[in-house]
Amino acid sequence: MVREIAENELNELLKLYLFLHEDSVPEMTEHLKNTWDTIIQDENHHIIVNEIDNKIVSSCVCVIIPNLTRNIRPYAFIENVVTHKDYREKGYATECLNYAKEIAVKTNCYKMMLLTGSKEEKTLKFYSNAGYNSSDKLAFIQWLK
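This is a predicted model, so every value here is computed, not measured.

What counts, and where the lines are drawn
Residues numbered from 1 in each chain as written. Predicted model: local features only at pLDDT ≥ 70, side-chain atom pairs only at ≥ 80, totals over all residues. Heavy atoms only, no water. Helix = DSSP H or I, 4+ residues; strand = E, 2+ residues; numbered from the N terminus. Rg over C-alpha atoms; globule rule 2.2 N^0.38 Å. Buried < 20%, exposed > 50% of the residue type's maximum accessible area, 1.4 Å probe, protein only. Contact = heavy atoms within 4.5 Å. Areas by Shrake-Rupley, 256 points an atom, 1.4 Å probe, with all protein chains shown as cover. Lys, Arg positive; Asp, Glu negative; His and termini not counted. Charge placed at Lys NZ, Arg CZ, Asp CG, Glu CD. Phe/Tyr/Trp six-rings, centres within 6.5 Å; stacked < 30°, edge-to-face > 60°. Lys NZ or Arg CZ within 6 Å of the ring centre and 35° of its normal. Expected span 1.5 Å × (residues − 1). Arc of directions from axis to C-beta.

## Here's the deal with the overall build of the protein chain
Then, in step 1: Within the protein chain, the secondary structure is distributed over four helices and five strands.
Then, in step 2: Its C-alpha radius of gyration of 15 Å places the protein chain within 12% of the 15 Å reference for a compact globule of 145 residues.
Then, in step 3: Once the C-alpha set of the protein chain is aligned to its principal axes, its extents read approximately 40 × 35 × 35 Å.
Then, in step 4: Evaluated residue by residue, the protein chain yields a buried proportion of 33% over its 145 residues.
Then, in step 5: Of all intrachain contacts in the protein chain linking residues separated by at least 6 positions in sequence, the fraction that spans at least 24 positions is 61%.
Then, in step 6: Here the protein chain displays about 10,000 Å² of accessible surface, and carbon together with sulfur accounts for 50% of that area.
Then, in step 7: With 17 positive and 21 negative side-chain charges, the protein chain shows a spacing of 7 Å between the two charge centroids.

## So, the packing of aromatic side chains
The geometry of an aromatic ring pair is captured by two quantities: the separation of the ring centres and the angle between the planes.
Then, in step 1: The tally for this structure, following the rule as stated, stands at three aromatic pairs.
Then, in step 2: Geometrically, the ring pair formed by Tyr-87 and Tyr-92 is tilted, given 6.4 Å between the ring centres and 55° between the ring planes. The same class applies to Tyr-87 and to Tyr-92, which are both buried.
Then, in step 3: The ring of Tyr-75 has Lys-111 sitting right over it, with the charged end atom 5.4 Å from the ring centre.

## Here we look at helix α3 (residues 92-106)
Then, in step 1: With 15 residues, α3 extends 21 Å from end C-alpha to end C-alpha; this agrees with the ideal 21 Å at 1.5 Å per step.
Then, in step 2: Within the sequence span of α3, burial applies to Tyr-92, Ala-93, Cys-96, Leu-97, Ala-100, Ile-103 and Ala-104. The arc that holds the buried residues of α3, viewed along the axis, is 140°, so those residues lie on one side. Seen from the buried face of α3, the exposed residues on the opposite side, beyond 90 degrees, are Val-105 and Lys-106.
Then, in step 3: Residue Asn-108 follows α3 closely and has a positive phi angle near 65°.

Dropping the structure here:
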């Protein structure tokens, strides 16, 4: 079942992020709690999860960003697309991305953007099959310390 995350599911999400790029589940600090509270209370920040057999197995983040161009239409930014390794290639992440697209359409976004650090052909094909292209724009990243 695809849905938005519940406030009490942070720990389950953090465990899923171990299949993204995290090495360990972070300690439950005040900073983590405050960040979670900020995210969960932000109407433009959507953490979408796919729950199978009462377990969150896939997720993505969809942030709606207000914008002053394109007839004052917002755009959506997709990040942290992840699926538990035991549940991959079953369409669960695609369902999360489709849910994100529904949110973007409902909020009148003119585009959706997604960045990936993966260079794997399989991953790039997955995003292409989900409707994203890598030919319209070129992304530049500046990592901050």
